[in-house]
Amino acid sequence: MGSRAVELGFAEEAVEAWRLRREQFPSKVGGRPAWLGESGLPGPSELRCCVCGQPCAFLLQLYAPLPDRPDAFHRGLFLFACRQPACYRPAGPAPGSLRVFRNQLPRKNDIYSFEPPPEEPPLEEVPGAILQLKCGTKLCKVCGCLGPKVCSKCHKAYYCSKDHQVRDWKVGHKLSCAQSDQMDIAIPDHKFLFPEYEIVIEPEEMEPSSIGETEQKDLDKNKDPTCADSTYEAIESLDENLLEAMAKHETEEDNIFQKFKERTSLEPEQIIRYCRDREGPIWISGENIPLETDIPNCACGAKRVFEFQVMPQLLNHLKVDSLGESIDWGTVAIYTCADNCNLGNLYTEEFIWKQDISSSV
């Protein structure tokens, strides 16, 4: 990432699991986070949904270094999401059901090699999930986030919260606690993590014409006098109710949604659109578009700029559909510090704006 053009992200099955390890600086969906830095990980209180109070699950991360910033030679964005569908009802500023954090490191650091990561798999693949960082920090057995709590019996299983400790107890730790030497090898399915995919990044390829189909149709109608005459004749014969229906259809709302579809039609499987501080997000609706004043400044005082958006196509990969209410969004826009402030290599929370699909489209 880091080119001037829009870059698109696609979810692909991770054929080689080692490529999603943190030493490879992956961009990925689901599973456990591949933490970049080891200092200042977001704690349990920062990763709780502000709507229901439950722990958020890791949704995705993007490796997004800034080539012109030595202090951000390595840079990652980490997005977390609540698993409760009801918490996604409010639109606008994400009320805590979605949370995003930025972290960065210089090329010379105490964790990674100065040289690029190898392209060959490691000679010895580590079995199971990695639940401890190199610095010794313990991670939650359920979600892979910071784990300050420990099982009082075996003193070997760590958790981010009482919620996850109870969840693990119910699905197997009750039996494996006495055999704690095996617990890190076979971790049960806690039904909490999102499915894991690699995010493959490619540049967006635009059609030669910059005029979309919607705009072109409008231009053609204006140029064709025959079309105009026939339109006036047809309108004279329409009753009032049908005229109102036509007027409603030709709204700005419809145009915005149509432009969204046209822009994404060449690559309908895209789950990410990345374009830091250049082209803004493409909105799916004319409703609930933020003003500049709606985007709060960073804690350092600098403005925040648009960096990337999560597309609705990602929902198809998360397997969150249900007969009742489901996790849903039209698009999720992430704004980050324009100055890319460096607060001691800690994880800095950034800003999210969630837009839903309009009920009128």
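Residues numbered from 1 in each chain as written. Predicted model: local features only at pLDDT ≥ 70, side-chain atom pairs only at ≥ 80, totals over all residues. Heavy atoms only, no water.

A few points about the overall build of the protein chain
To keep it simple, the criterion reads: The way it works is that DSSP assigns letters per residue, a run of H or I at least four long becomes a helix, a run of E at least two long becomes a strand, and they are numbered from the N terminus. In this scheme, a residue with accessible area under 20% of its type's maximum is buried, one over 50% is exposed, and one in between is partly exposed, where area comes from a 1.4 Å probe on protein chains only. Two residues form a contact once any of their heavy atoms are found within 4.5 Å. Under the convention used here, a 1.4 Å probe and the Shrake-Rupley method define accessible areas, while residue burial counts only the protein chains that appear.
Secondary structure assignment for the protein chain yields six helices and 14 strands. Looking at the protein chain residue by residue over its 361 residues, the buried ones come to 43%. Pairs at least 24 residues apart make up 73% of the contacts formed inside the protein chain by residues separated by at least 6 positions. As displayed, the protein chain offers around 18,900 Å² of accessible surface, 52% of which is attributable to carbon and sulfur atoms.

A closer look at the pattern of salt bridges
This is how the line gets drawn: Should a side-chain nitrogen of Lys or Arg be within 4 Å of a carboxyl oxygen of Asp or Glu, the pair is scored as a salt bridge.
Counted according to the given criterion, the structure contains 19 salt bridges. With a closest N to O distance of 3.3 Å, Lys-141 and Asp-168 form a salt bridge. Placement of Lys-141 in the loop between strand 6 (98-105) and strand 7 (149-150) and of Asp-168 in helix 1 (residues 162-176) is noted, with a sequence separation of 27 residues between them. The two residues Lys-141 and Asp-168 agree in class, both being buried. Sharing partners across several salt bridges, the network here consists of Glu-204, Arg-263, Arg-273 and Glu-279.

Observations regarding the side chain of Thr-331
Definition in use: Pairs of N or O atoms are called polar contacts if they sit within 3.5 Å, as long as, within protein, a hydrogen donor faces a hydrogen acceptor (for residues adjacent in sequence, only side-chain-to-side-chain pairs).
Checked against the element boundaries, Thr-331 lands in strand 12 (residues 331-337). Using a relative accessible area of 0% as the deciding quantity, one classes Thr-331 as buried. A polar atom in the side chain of Thr-331 sits 3.1 Å from the backbone oxygen of Val-310. Setting aside chain neighbours within four positions, we find Thr-331 in contact with Ile-282, Trp-283, Gln-309, Val-310, Met-311, Trp-353, Lys-354 and Gln-355.

What to know about the sheet that holds strand 14 (residues 351-355)
Selection rule: Strand pairing is assigned whenever DSSP detects at least two bridges linking the two strands.
Pairing is antiparallel in the open sheet, where 12 strands are placed in the order 5-14-12-11-10-1-9-2-3-4-6-13. This sheet does not close on itself; its edge strands, each paired only once, are strand 5 (92-93) and strand 13 (348-349). In terms of strand pairing, strand 10 (residues 272-274) meets strand 11 (residues 304-310) through three bridges, oriented antiparallel. Residue pairing across strands places Arg-273 opposite Gln-309, the latter belonging to strand 11.

Remarks on unusual backbone geometry
The phi dihedral of His-155 is positive, around 55°, even though this residue is not glycine. Inspection of the secondary structure assignment puts His-155 in the loop between strand 7 and strand 8 (158-159).

Remarks on the side chain of Lys-141
Of the residues examined, Lys-141 reaches a relative accessible area of 3% and is grouped as buried. Side chain to side chain, Lys-141 and Asp-168 meet in a polar contact 3.3 Å long.

Looking at the nonpolar core
For clarity, the cut-off: Joining through side-chain atoms within 4.5 Å is the link that ties buried Ala, Val, Leu, Ile, Met, Phe, Trp, Tyr and Cys residues into a set, and such a set is a nonpolar core.
Core analysis: the biggest nonpolar cluster contains 61 residues, and Leu-59, Leu-60, Val-310 and Trp-329 have the highest contact counts within it. Of all the elements, strand 3 (residues 57-63) adds the most residues to this core, at six residues. By size, the runner-up hydrophobic cluster in this structure holds seven residues, among which are Trp-283, Ile-295, Tyr-335 and Trp-353.

Looking at the packing of aromatic side chains
Which entries qualify depends on this criterion: Two aromatic rings, drawn from Phe, Tyr or Trp (for Trp, its six-membered ring), form a pair once their centres lie within 6.5 Å of each other, and the interplanar angle then sorts them: stacked below 30 degrees, edge-to-face above 60, tilted otherwise. Any Lys NZ or Arg CZ found within 6 Å of a ring centre and within 35 degrees of that ring's normal is scored as a charge over the ring.
As enumerated under the stated definition, the model contains 11 aromatic pairs in all. Centre to centre, the rings of Phe-78 and Tyr-347 are 5.6 Å apart; their planes meet at 65°, and the pair counts as edge-to-face. Residue Phe-78 is located in strand 4 (residues 74-81), and its partner Tyr-347 is located in the loop between strand 12 and strand 13; the two are separated by 269 residues in the primary sequence. For Phe-78, a relative accessible area of 1% gives the class buried. Among the residues examined, Tyr-347 registers a relative accessible area of 6% and is labelled buried. Through a chain of ring-to-ring contacts, three or more aromatic side chains come together here, namely Trp-35, Phe-58, Phe-78, Phe-80, Phe-101 and Tyr-347. In this structure, Arg-107 is placed above the aromatic ring of Phe-114, and the distance from its NZ or CZ to the ring centre is 4.1 Å.

A look at the confidence of the model for the protein chain
Basically, it comes down to this: Confidence of the predictor in every single residue is expressed as pLDDT, which spans 0 to 100.
Per-residue pLDDT for the protein chain has a mean of 86; in total, 83% of the residues score no lower than 70. Residue range residues 221-228 is modelled with pLDDT below 50. Its contacts to residues more than four positions away, or to other chains, number one contact.

Some remarks on the pairing of strand 6
Of all eight residues in strand 6, eight are buried; the element is thus mostly enclosed. Neither face of strand 6 is exposed, since Leu-98, Val-100, Arg-102 and Gln-104 on one face and Arg-99, Phe-101, Asn-103 and Leu-105 on the opposite face are all buried. Bridge count between strand 4 and strand 6: eight bridges; the pairing is antiparallel. From the neighbouring strand, Arg-75 faces strand 6, where its bridge partner is Gln-104. Of the pairings in the sheet, the one linking strand 6 to strand 13 comprises two bridges and is antiparallel in character. Paired with Arg-102 across the bridge in strand 13 is Thr-348.

Topic: a negative patch on the surface
Short version of the rule: Patch building starts from residues that exceed 30% relative accessible area and form no salt bridge, then joins like charges within 9 Å and nonpolar side chains (Val, Leu, Ile, Met, Phe, Trp, Tyr) within 5 Å. Under the counting rule used here, the positive set is Lys and Arg, the negative set is Asp and Glu, and His together with the chain ends is not counted. Where a charge lies is defined by one atom per residue type: Lys uses NZ, Arg uses CZ, Asp uses CG and Glu uses CD.
On the surface, a cluster of negative charge is contributed by Glu-12, Glu-202, Glu-205 and Glu-267. Looking at where Glu-205 falls in the secondary structure, it is placed in the loop between strand 9 (197-203) and helix 2 (213-223). The exposure class of Glu-205 is exposed, given its relative accessible area of 62%.

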